[in-house]
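Examination of the molecular architecture
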Amino acid sequence: MVDAKETIIQKFNMELGNDLKGLNKIYEFHQSLNAQKNEIEKSLSMASTEAPSKVKAVIESVEKISVEFQQLEENSAEFRGNIQETMQENDKSFEMQKIINVISYLDKSLSYLNFIKYVENISDEIQVSLTNGDDESTISLYADLTNISCQLRSSNCHYLQNYVKETLHFWHNLIKDKLSKEYNDILKTLKWPFCGSNANTLHTPMPETLIKFKILTEYLLHLQLPEESAKSVVTSVLLTDFTPVSLPISLLVRPLRQRFIYHFTGSKLTNRQDKPEWFFTQILTWIKDHVQWVQKNVQPAANSIGLNYIDMKVEFMRALIQLAVEKLHSELSIVQYDDALFAHLVDEALGFERELRETLFYPSTQPATVFVLTQAHIFVKWINMEKKYATEKMDAILSSNTAWDKLPSSDTDDMKVTECADAFLTLLTTISDRYKHLPQPGHRLQFLELQLELIDDWRVRLLQLLHENYEDPLTSLMPCILNTLHYVATVLEEWGVTVHFLQLYFFKQQFETVETATLKGNDITTNVGEVEGSVFDEAVALLRRLEKKLINEISDSVSLDVKAKSRPYRTDKWFAMQSTKEIVSLSVTPSGYSMFQELATQLNLLHNTLALPLFQQAWKTLASQFDQFILEEVVLVNHFNMGGAEQLQYDIFRNLFPLFGLYISEPESYFPLIKEACILLNIMLGSAMLLVEALNNEDELAGREILADLGIYKMSPELALKIIGTRTDITYV
């Protein structure tokens, strides 16, 4: 009660404050309290009417929840009982499962032991067969053991796998030793290998011996370890490319290997660093002497047991080539610091490779000596040596006393091939032959770049020779150099469309595409389409450009010599010559003798010194120059009476054209201007006057049509009027 009083006092103090003048707020406070009172009464009145229904609803809801809770409690108790019952049953099942697992484990263990017992039984049987000398049974049992080993590859029993594998290796070694001894005995009976004292012995083996050899070969092929179990001995990284050969081939090669090691290692006289051809030749000889016998007697044995996919001849060759590769590898490490020995060794290795591929048809997929030569440090040394010796050879070719002599071959007489051109192309061909068997395109492209570099260097050297011997073009080295340039460029164009160089061009485009995309950071999506052009396009273009320049120089020189003797002819009295009516017959104008004689001499000299295609270019150039020269320096600067016009036409048609007619048909077609000028100078006077009138009154197109009716096609109406104006019988300005 006291608290309520204090609360009321605090409420009054808060509303009225300490100011006595604020007592007038009491009325407002009184009204507010009345309003609150009314609100409370109203609220109590509403509660008295609504409370019973809400309370009832709540009570019903609580009762419903209580019923559901009781049901859930009963279900829970029932479920708990079921769980306990199930757990009791599961405990029984779990105990049963343990028993089953133990039984399963014991069963697997028994199977494991039985499997081991089975392998041991096979081993015992193999032992018995070996003891009794029953090779067929031994091999059959060994084949069963091999099949078991193969079947276990996917098994997780690694210890069992190793056990079977070790067992297999154990019996493999024992059986191989036994069969190898028998095989070697048979080979001795067959006088194998066919070299040394056996090379010239005429010996025909007994059929029984060959049959036994075939049977033993089959046994040895069956004895071959699975690929996963075979352990090849690799003495060098290079030899990883040589897959192991079959056991029969290995035994056939063994005596040859022993002979090779005896003769080509250590201090033997046959083991000379300056004579690598000796061991290469020995390998080739052994292959040639034995490969057909291997094909005839060993391959059928492989075919009979389903090993048709094994080419015994190739395996025999590969085993012997491996000897050469091992020897080459060891020799290169010694002679790489001696240029002469290194170059000779590379030459012999390449010759050996070429003989294998082209004569003995050794498959390109099989490794040989170029695999050794393409090691990074050896390849760099090799290509540098190629460049060095090629440059020296090129110097020798160009400095030879007979470098510019023509070859006597009649087939290339029209080309006038020089020894220099033929020797240089032979040099390039030799380089191509040396690298064409390289398996990697990148290596071949490096040699191609060397060839292109040599071609460009050779072109520069010819330019230097031209500058050193620059005098009268026709009497200097220029015609010989020109013939050489033309022939080499022509041959390079032919080479460019061969399979070898088209492949290199394709690879070069691919490499350039990849390099460009890499530099720009783009994806390599562009595929090289149809091959257009060749690897020699740039080189040939430079040679043709020089060729054209020299042709023009020679043509200009001839033209100047002829023009130098043309002055009397150009200044002759064309306006006062006799016509055909006044003389018996026409002859060449005397003032033109020296000019035409010089032209005939120079044309003959060009024909004798230049290759036919070059001569054709030269005379066409000369014809064009003289056509323009006679028109401008004779016709347009002189005046012609009827006799002068007839004389000029006689000189042109009966002397100039026949000079060129010695080398071409229809030479007049190459002198269109002077030919048409002769037509205009010799047409009838009336026709000439009508033509002048028509050309003066018509436009250019109509004028050309009028001239065409007279057989004049190249000359413009304006030029035609100038020529007609040189006639003395027409007054024309």
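Residues numbered from 1 in each chain as written. Predicted model: local features only at pLDDT ≥ 70, side-chain atom pairs only at ≥ 80, totals over all residues. Heavy atoms only, no water.

1. What about helix H3 (residues 135–151)?
Look at H3: 24 Å from first C-alpha to last across 17 residues, which is about the 24 Å you get at 1.5 Å a residue. All of the buried residues in H3 are Asp135, Thr138, Ile139, Leu141, Tyr142, Leu145, Thr146, Ile148 and Ser149. (Helix = DSSP H or I, 4+ residues; strand = E, 2+ residues; numbered from the N terminus. Expected span 1.5 Å × (residues − 1). Buried < 20%, exposed > 50% of the residue type's maximum accessible area, 1.4 Å probe, protein only.)

2. A closer look at the packing of helix H14 (residues 441–468) against helix H15 (residues 478–496)
Packing of H14 against H15 brings their axes to within 10 Å, and their N-to-C directions diverge by 165°. By the angle between their directions, the pair H14 and H15 is classed as roughly antiparallel. Handedness of the crossing formed by H14 with H15: left-handed. Listed contacts from H15 to Ile455, Trp458, Leu462, Leu465 and Leu466 of H14 are Met478, Ile481, Thr484, Leu485, Val488 and Leu492. (Axes fitted to C-alpha atoms, helices over the stretch in contact; angles between N-to-C directions. Parallel < 35°, antiparallel > 145°, perpendicular 65-115°, else oblique. Left-handed = near helix turned anticlockwise from the far one by under 90°. Contact = heavy atoms within 4.5 Å.)

3. Brief notes about the pattern of salt bridges
For the structure on display, the rule yields 27 salt bridges. Asp347 is paired through a salt bridge with Arg434; the nearest N and O atoms lie 2.2 Å apart. Of this pair, Asp347 sits in helix H10 (residues 339–359) while Arg434 sits in helix H13 (residues 419–435), and the two are 87 residues apart along the sequence. The exposure class assigned to Asp347 is partly exposed, which follows from its relative accessible area of 32%. Residue classification places Arg434 among the buried residues on the basis of a relative accessible area of 16%. Ionic pairing is found between Glu700 and Arg704, a salt bridge with its closest N-O pair at 3.4 Å. Remark: Arg704 and Glu700 occur in helix H24 (residues 700–709); sequence separation between them is four residues, near one turn of the helix. In this structure Glu700 comes out as partly exposed when scored by relative accessible area, which is 48%. (Salt bridge = Lys/Arg side-chain N within 4 Å of Asp/Glu carboxyl O.)

4. A few points about the environment of Ile126
Position of Ile126 among the secondary structure elements: in helix H2 (residues 26–132). With a relative accessible area of 0%, Ile126 lands in the buried category. When the C-alpha atoms of Ile126 and Leu141 are compared, they prove to be 6.3 Å apart, with 15 residues separating the residues in sequence. Contact partners of Ile126, with chain neighbours within four places excluded, come to Thr138, Leu141, Tyr142, Leu145, Trp171 and Ile175.

5. Some thoughts on the environment of Asp422
Mapped onto the elements, Asp422 comes out in helix H13. Asp422 gets classed as partly exposed once you look at its relative accessible area, which sits at 31%. It is 8.5 Å that separates the C-alpha atoms of Asp422 and Thr484, two residues lying 62 residues apart in sequence. Not counting the four nearest positions on each side in its chain, Asp422 is found in contact with Leu407 and Val417.

6. Quick look at unusual backbone geometry
For the peptide bond that leads from Trp192 to Pro193, omega is -5°, which places it in the cis range. Secondary-structure assignment places Pro193 in the loop between helix H4 (158–189) and helix H5 (207–222). Residue Phe361 is not a glycine yet carries a positive backbone phi of 55°. Mapped onto the secondary structure, Phe361 falls in the loop between H10 and helix H11 (370–373).

7. Thoughts on the confidence of the model for the protein
The pLDDT averaged across the protein works out to 86; a share of 90% of its residues lies at or above 70. Note that residues 228–235 has pLDDT below 50 and, in this model, nine contacts with residues that lie over four places away or in other chains. (pLDDT = per-residue confidence, 0-100.)

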